[in-house]
Amino acid sequence: KRVGVYIGVLKERGHSLLFVVTYLFLSSSFIKRLPSDRKIQSCRNTQPPVKSRNKEMKYVLVTGGVVSGLGKGVTASSIGVLLKACGLRVTSIKIDPYLNTDAGTMSPFEHGEVFVLDDGGEVDLDLGNYERFLDIKLTRDNNITTGKIYQHVIAKERKGDYLGKTVQVVPHITDAIQEWIERVAAIPVDGEDGPADVCVIELGGTIGDIESAPFIEALGQFSYRVGQGNFCLVHVSLVPVLNVVGEQKTKPTQHSVRGLRGLGLIPDILACRSTKALEENVKEKLAQFCHVPLENIFTLYDVPNIWHIPRLLKDQKAHLVISKVLNLASIVKEPSLEEWTSRAELCANLHVPVRIAVVGKYTSLSDAYLSVLKALLHAAVACRKKLVVDWVPACDLEKETEKENPNAYKAAWKLLKGVDGVLVPGGFGDRGVEGKILAAKYARENKIPFLGICLGMQVAVIEFARSVLCLHDADSTEFKPQTQHPCIIFMPEVLRLSHSLYLICIFVYCLPHSSCSVGLGFKNSYGWHYAVRIKKIDLQCHRQQIRQTIVELPSHPFFIGAQFHPEYKSRPGKASPLFLGLIAASCGELDSVMNPSSAHQHLISNCPKNVFVNGNSKKASNGLADVRHNNGYCNGLYTR
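First, a word on scope: everything that follows refers to the structure included in this document. Keep in mind it's a predicted model, so treat the numbers as computed, not measured. (Residues numbered from 1 in each chain as written. Predicted model: local features only at pLDDT ≥ 70, side-chain atom pairs only at ≥ 80, totals over all residues. Heavy atoms only, no water.)

1. Quick word on the nonpolar core
Part 1: One finds Val60, Ile79, Leu83 and Val234 to be the most contacted residues of the largest nonpolar core, which totals 51 residues.
Part 2: Per-element tally for this core: the top contributor is helix α6 (residues 72–85), with seven residues.
Part 3: Sequence-distant contacts of Val60, that is, excluding residues within four places in its chain, are made with Ile79, Leu83, Val198, Cys199, Val200, Ile201, Cys232, Val234, Ile322 and Leu326.
Part 4: Judged by nonpolar contacts, the second largest core, of 37 residues, contains Ala412, Ala439, Met457 and Val551. (Core = buried A, V, L, I, M, F, W, Y, C linked by side-chain atoms within 4.5 Å. Buried < 20%, exposed > 50% of the residue type's maximum accessible area, 1.4 Å probe, protein only. Helix = DSSP H or I, 4+ residues; strand = E, 2+ residues; numbered from the N terminus. Contact = heavy atoms within 4.5 Å.)

Structure, rendered in structure tokens:
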């Protein structure tokens, strides 16, 4: 065996077969002089090594302890912002230990919203935080779940890739996790070529959860696999303050770190959540009992908004500590966070309110509409207004509630009648649909700015058909399959294009207040019907193809419905145009936004240089379109 291997090595080094055979036969004692297996391997390694980019990748793992909901996602995103401000390219991965293959079928009440990526992936809402903070475009593979890993391993086993071996959690599941991380970390997500410099990984759940055990083991192995200087572990923990004594308690964090170390992971950094900054003696106690250097313990205390977190980390020199652990101290620069700081301070100091009613089905949990809430906030800050959201349960607006619970009915209508604008987000099922239709009717009849998204657009069409076209039986076939006037019908092509409830498409569309190319994220299988008859009355559609995706009421100050989800594209400093239009109209500043003066340049500082009008690219004036269409519509807002 060694003779054969050595012959192969000699051939690899450029010797001819004739030379190898002659050398072996002329040497009477060649067997004794054959090098050992270790020397043969050393001989192989004398060849120029193939440079592996994955081995140079730096990894930052963020874990959580004590309780869930500490803000691991915001911490991971803020670390990414800080490293990006240091001149590094950053990507992100979220690990969710649940057995679901993705978040697409999970209840919003249980898990919050489902964030939709550009490739149609239905993922955890934390990936929305990553995209908004880092301004990147992730893929569905950036969200790892137990279901995906087991599905991947079982598929390989069925194909015979394991050659009949007994497939086990260790090493097969743990190896699959590590390989997945390395593969996805190398995918560029910032529009540039080549892999990022740093991959920030968030492990969902809490240390000690049974379902996260395979990931803990895999990440422990992974830290040794990539080597010292390429792996940094940040542990987010809770330091509670008991009201009785008013003292910061370190014991929960001590136990959390002890459990983490017992599982094979040693934290490099402690990020301690608390209501106020940690006292110096508390940090010293944590350093002593958790075996973490004092300068590696940071406080993440409560702040007015999460945009303060990157600056909070910078002020505590977190970038220096992370770069030291990752051996990046010689290449990173001082982070520049002026834009983040000014935006955070601006948001905290806004006083003029704009009140928006969100009429939905899942209003008891604000995370169910997290992207909608963030898009509203981005637009409100752009308009220099303080956002006030009134959550209106759609069911409470219905007539049945007036009989069963008159107090809830009165409270819901009181909220709706006291707002500056109305937003009806998406949803599934027939619960609360009639309440959303009533909200759309109230906004239309009372000239209240209205934005309907997905199901919100559909209920606006149904309401218009019922009230204006007098089609009293008008409905969606989703809710009433036997209706005589199906305004919203099932789109069979969706099933041919997507295996789930979501579909991502790219369209060029024309809109009176926003005309340009945009990525549309669809999360429904229904489109609207009766377009020709509706257009003849007043409600305009703005995609001149078989499937209408945008509608507007021209006689209304601002009444727009969109089948797609613009909230997924909104970013801090780059507000979604439809949300910006809603907020501007609710403030009475829509004309100023559409025809900007020097006093409103802050609204257009991030406008694109080109816009699309009827599918044709035209130059924007001062970064903002001000184009009049042949049909009497005009453009004003911008988008990405």
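2. Overview of the environment of Leu203
Part 1: Tracing the backbone shows Leu203 in strand β6 (residues 198–203).
Part 2: Taking the C-alpha atoms as reference points, Leu203 and Ile144, 59 residues apart in sequence, are found 9.5 Å from one another.
Part 3: Non-local contacts of Leu203, meaning those with residues more than four positions away in its chain, are made with Leu61, Val62, Thr63, Lys72, Ile95, Phe215, Ile216 and Leu219.

3. Concerning the packing of helix α10 (residues 169–185) against helix α11 (residues 213–226)
Part 1: Direction vectors running N to C along α10 and α11 enclose 60°, while the axes themselves pass 9 Å from each other. As α10 packs across α11, the resulting crossing turns out to be right-handed. Counting all contacts with α10, which are made through Val169, Val170, Ile173, Thr174, Asp175, Ile177, Gln178, Glu179, Ile181 and Glu182, the residues of α11 involved are Pro214, Phe215, Glu217, Ala218, Leu219, Gln221, Phe222, Arg225 and Val226.
Part 2: Class assignment of the residues belonging to the contact of α10 with α11 gives a composition of eleven nonpolar, three polar and five charged. (Axes fitted to C-alpha atoms, helices over the stretch in contact; angles between N-to-C directions. Left-handed = near helix turned anticlockwise from the far one by under 90°. Nonpolar A, V, L, I, M, F, W, Y, C, P; charged D, E, K, R; others polar.)

4. Observations regarding the packing of aromatic side chains
Part 1: One pass over the full model with this rule turns up ten aromatic pairs.
Part 2: Ring geometry for Phe133 versus Trp340: centroids 5.1 Å apart, planes at 35°, classification tilted. Taken together, the positions of Phe133 in helix α8 (residues 125–134) and Trp340 in helix α16 (residues 338–348) put the pair 207 residues apart, joining distant regions of the chain. Pair check on accessibility: Phe133 and Trp340 agree, each one buried.
Part 3: The interplanar angle of 20° and the centroid separation of 6.1 Å between the aromatic rings of Tyr369 and Trp391 together place this pair among those described as stacked. Here Trp391 lies in strand β11 (residues 386–393) and Tyr369 lies in the loop between β10 (353–360) and α17 (370–382), a separation of 22 residues in the sequence.
Part 4: Each member of the aromatic cluster is reached from another via a ring pair, and the members are Phe109, Tyr362, Tyr369 and Trp391.
Part 5: Over the ring of Trp180 we find Arg183; its NZ or CZ atom is 5.0 Å from the centre of that ring. (Phe/Tyr/Trp six-rings, centres within 6.5 Å; stacked < 30°, edge-to-face > 60°. Lys NZ or Arg CZ within 6 Å of the ring centre and 35° of its normal.)

5. Thoughts on the sheet that holds strand β9 (residues 297–301)
Part 1: One open sheet holds the seven strands; their spatial order is β5-β2-β6-β1-β7-β8-β9, and the pairing between them is parallel. Only two strands of the sheet have a single partner each, and these edge strands are β5 (143–145) and β9. The sheet shows a mean angle of 20° between the axes of neighbouring strands, direction not considered.
Part 2: Across five bridges, strand β1 (residues 58–64) lies against β6 in parallel orientation. (Pairing = 2+ DSSP bridges.)

6. Considering the pattern of salt bridges
Part 1: Applying the stated criterion across every chain yields a total of 27 salt bridges.
Part 2: In this structure, Arg89 and Glu192 form a salt bridge, with 3.6 Å as the shortest nitrogen-oxygen distance. Here the residue Arg89 occupies a position in the loop between α6 and β2 (90–96), and Glu192 occupies one in the loop between α10 and β6, the gap between them amounting to 103 residues.
Part 3: The exposure class of Arg89 is buried, given its relative accessible area of 16%.
Part 4: Taking the relative accessible area as the measure of exposure, Glu192 reaches 47% and is therefore partly exposed.
Part 5: Of the charged contacts in the structure, one is a salt bridge between Asp119 and Arg140, with a shortest N-O distance of 3.7 Å. With Asp119 in the loop between β3 (115–116) and β4 (122–123) and Arg140 in the loop between α8 and β5, this pair connects stretches of sequence that are 21 residues apart.
Part 6: Using a relative accessible area of 38% as the deciding quantity, one classes Arg140 as partly exposed.
Part 7: By sharing partners, the salt bridges in this structure join Lys94, Asp96, Asp124, Asp126 and Glu202 into a single network. (Salt bridge = Lys/Arg side-chain N within 4 Å of Asp/Glu carboxyl O.)

7. Some thoughts on the pairing of β10
Part 1: In terms of burial, β10 is largely enclosed, as six of its eight residues are buried.
Part 2: For β10 and β11, the ladder comprises eight bridges, and the chain directions are parallel. Its bridge partner lying in β11, Pro353 is registered against Lys386.
Part 3: In terms of handedness, the path from β10 via α17 over to β11 forms a crossover that is right-handed. (Right-handed = clockwise from strand over helix to strand, strands pointing away.)

Worth remembering: the numbers are spatial, not functional.
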